[in-house]
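Architecture at a glance
Spelled out, the chains give:
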Amino acid sequence: MKYWETDQSIPLTWRDVACGYWWRYPNPHSQHVFSVDMLDTRVEGDKLYARRLIMKTNPLPSWGKHFFAARRVAVIEEVVVDRGKKELVWYTRNIGLARFMATVERVTLYPGEETRTSEIQTNLNGIQTTMAGTQSTMAETQTTMAETQTTMPDTQTSVRKQCWIESSILGFRSAINKFGVDRYKKNCGPATMGMQMVIEEKLARDQVVRLGLSEASNPCSCEAKVAQCEARVAQCEAKAGHCEARLGQGHKAQLSEASSGQIYEAVKRSLCDSTQKIT
């Protein structure tokens, strides 16, 4: 059996990453995942238990195709979410091609601040041991460190990945175990990156919706704005008609005044000059 582990981190809060666990497929770095189906879920106290069936299409090496021709592998994934402890652990094990290469993976998500808090506590214990005579100074140091721990934001999630690989093919066991570990080392980093990418995209979409910037996701607002525009256009048309009516009335009044003045002048000239005809 081969064993390997690694520690990674995601620059997001544990809450966001724990929620993002359920969205991590599909993503650009896990295109070998064919389907995901939920088998069962249950809640016990502060813990959520779930089990999923995942179909993967990991290609076999050229020498492995002589043993099996299957291209899809069934994987069982079991997850435990502990809200009180702020810890999410999932286990995956393949139930297909298990004789060729049985793989068990354990991934633990926990707040990254726990690591820093433990380091601070370790350093503090060392200082207490070496400076036992300065109790007042140590008390001030403890107070300062406690305030630092209180104000330190939970903005990072630690990811610990562990895998166990074992083959039952006699004569090829070592080669298959090495192949499995090497492939896991190659894929575990991109898998974490793909999960982070999906979570960040989902959080960005949620933020846009909360701010009301996505009109496509809210057709009612679009219809309301169209109605408002139509009402404004109608108001403008009514004002334009009113203005045209007022202009027309003023033009007619000017014409009537001009006509009255011409008749008055013609009558006046005819009275003064008997030869002048009224036209």
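The sections below set out a description of the structure shown in this document. (Residues numbered from 1 in each chain as written. Predicted model: local features only at pLDDT ≥ 70, side-chain atom pairs only at ≥ 80, totals over all residues. Heavy atoms only, no water.)

Considerations on the side chain of Lys161
Within the element layout of this structure, Lys161 appears in strand E7 (residues 157-166). Buried and unpaired, Lys161 has no salt bridge, with Glu105 as the nearest side chain of opposite charge at 4.8 Å. Within polar-contact distance, the side chain of Lys161 engages the side chain of Thr192 at 2.9 Å. The contact partners of Lys161, leaving out residues within four places of it in the chain, are Trp4, Glu5, Thr6, Gln8, Glu105, Arg106, Val107, Tyr184, Cys188, Ala191 and Thr192. (Helix = DSSP H or I, 4+ residues; strand = E, 2+ residues; numbered from the N terminus. Buried < 20%, exposed > 50% of the residue type's maximum accessible area, 1.4 Å probe, protein only. Lys, Arg positive; Asp, Glu negative; His and termini not counted. Salt bridge = Lys/Arg side-chain N within 4 Å of Asp/Glu carboxyl O. Polar contact = N/O pair within 3.5 Å; in protein donor to acceptor, adjacent residues only side chain to side chain. Contact = heavy atoms within 4.5 Å.)

Remarks on the layout of surface pockets
Roughly 730 Å³ of internal volume is contained in the largest pocket. Contributing to the lining of the largest pocket are 35 residues, with His32, Lys56, Asn58, Glu105 and Tyr184 lying nearest its centre. Listed by contribution, the elements that provide at least two residues to the lining of the largest pocket are strand E4 (73-82), strand E5 (87-94), strand E6 (102-111), E7 and helix H4 (173-211). Split by residue class, the lining of the largest pocket holds 16 nonpolar, 12 polar and 7 charged. The volume enclosed by the second largest pocket comes to roughly 180 Å³. Along the walls of the second largest pocket sit Trp14, Arg15, Ala18, Cys19, Trp22, Val43, Gly45, Asp46, Lys47, Leu48, Val81 and Arg83, which together make up its complete lining. (1 Å grid on protein atoms, 1.4 Å probe; cavity = no way out; pocket = protein on both sides within 12 Å on 5 of 7 lines; lining within 4 Å. Points joined across faces, edges and corners; volume = space filled by probe spheres on them. Nonpolar A, V, L, I, M, F, W, Y, C, P; charged D, E, K, R; others polar.)

Remarks on the packing of aromatic side chains
In the structure shown here, the tally under the stated rule is 4 aromatic pairs. Centre to centre, the rings of Tyr3 and Trp164 are 5.2 Å apart; their planes meet at 45°, and the pair counts as tilted. Of the two residues, Tyr3 is situated in strand E1 (residues 2-10) and Trp164 in strand E7; the sequence distance between them amounts to 161 residues. A relative accessible area of 28% places Trp164 in the partly exposed class. On the numbers, 5.2 Å between centres and 35° between planes, the contact of Tyr21 with Trp90 is tilted. With a gap of 69 residues between them, Tyr21 in the loop between helix H1 (14-20) and strand E2 (33-44) and Trp90 in strand E5 connect regions that are remote in the sequence. Here Tyr21 matches Trp90 in class, with each residue buried. Taken together through their ring pairs, the aromatic side chains of Tyr21, Trp22 and Trp90 make up a single cluster. If you follow Arg72 out to its NZ or CZ, it ends over the ring of Phe34, 3.6 Å from the centre. (Phe/Tyr/Trp six-rings, centres within 6.5 Å; stacked < 30°, edge-to-face > 60°. Lys NZ or Arg CZ within 6 Å of the ring centre and 35° of its normal.)

Keep in mind these numbers describe shape, not what the thing actually does.
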